[in-house]
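So the chains spell out like this:
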Amino acid sequence: MFAIGLTGGIGSGKSAVADLLVQRGAVLIDADLVAREVVAPGGPAYQALLDRFGPGILAADGSLDRPALAELAFKDPAALGDLNAITHPAIGLEMLERRRALEGTDAVVVLAIPRLKAVHRETVGLDAVVVVDCPVEVALARLVGRRGMDRSDAEARIAAQISRAERAAEADYVLDNSSSFEHLAAEVDRLWAWVSNRRAAGPAPSA
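Model, not experiment: these values are computed from the prediction.

Novice: What is the right way to look at the packing of helix α4 (residues 66-73) against helix α5 (residues 77-100) in this model?
Specialist: For any two helices packed against each other, one specifies the inter-axial angle together with the distance between the axes. In contact at an axis separation of 7 Å, α4 and α5 are set at 130 degrees when each is read in the N-to-C sense. Judged by the inter-axis angle, α4 sits oblique to α5. Contacts between α4 and α5 pair L69, L72 and A73 from the former with A79, L80 and L83 from the latter. Each residue belonging to the contact of α4 with α5 can be placed in one class, and the counts come to six nonpolar, no polar and no charged.

In structure tokens, the structure reads:
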């Protein structure tokens, strides 16, 4: 197994990159999808979120109203910290279990982690970190134009994340997604070739 940590800021297009990697044979473990599962009714983070933020974060059917929760959390640093403290451990444990289930296979496993940190290399067991990158203005345009987000909300979410430079500092490979889909597909082809070469080379010799 070869495990890739895939990350990038909101609006960078990391989901599109993940989809293209799956088309090339990778197995995807997506933190965003896992996040929806752990906050569903009966999930490990559901009740703790309700206790912290109150019934205003619930839809009529009792499920989490994600836009309502986001509106509360991303405008208040303390609330965002509480949200992360509740959800991140539950997401991390579930992702780790899914990764462990693939041990011993020859799969390329992509773990899509929006807030990937240096510590994930060891805790999740990553062989490489790939960062999807684009200029902030490009990300803003995507969030407003494609997702219909209010520009001030999009700016607040980007500001709440680590910088492009901080992400790049942790990367083994930086993939540019500042242009067209055709450009992105070509970039993913280059990434896939790089992954194949890394796998063929085997683990680096120990010091």
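Novice: What should I look at first to understand the pattern of salt bridges in this one?
Specialist: Charged atoms that come close allow side chains of opposite charge to pair. Tallied over the entire structure, the rule returns 12 salt bridges. R98 is the partner of E94 in a salt bridge, and the nearest nitrogen-oxygen pair spans 2.8 Å. Residue E94 and its partner R98 are located together in helix α5, separated by four residues, close to a single helical turn. Here E94 falls in the partly exposed class, since its relative accessible area comes to 29%. On the accessibility criterion, R98 (30% relative accessible area) is partly exposed. The salt bridge involving R157 is made with D153; its shortest N-O contact spans 3.5 Å. Of this pair, R157 and D153 both sit in helix α8 (residues 151-159), four residues apart, which is roughly one turn of the helix. Looking at R157, the relative accessible area reads 19%, which means it is buried. One connected set of salt bridges, linked through shared partners, spans E37, E94 and R98.

Thresholds applied
Residues numbered from 1 in each chain as written. Predicted model: local features only at pLDDT ≥ 70, side-chain atom pairs only at ≥ 80, totals over all residues. Heavy atoms only, no water. Axes fitted to C-alpha atoms, helices over the stretch in contact; angles between N-to-C directions. Helix = DSSP H or I, 4+ residues; strand = E, 2+ residues; numbered from the N terminus. Parallel < 35°, antiparallel > 145°, perpendicular 65-115°, else oblique. Contact = heavy atoms within 4.5 Å. Nonpolar A, V, L, I, M, F, W, Y, C, P; charged D, E, K, R; others polar. Salt bridge = Lys/Arg side-chain N within 4 Å of Asp/Glu carboxyl O. Buried < 20%, exposed > 50% of the residue type's maximum accessible area, 1.4 Å probe, protein only.

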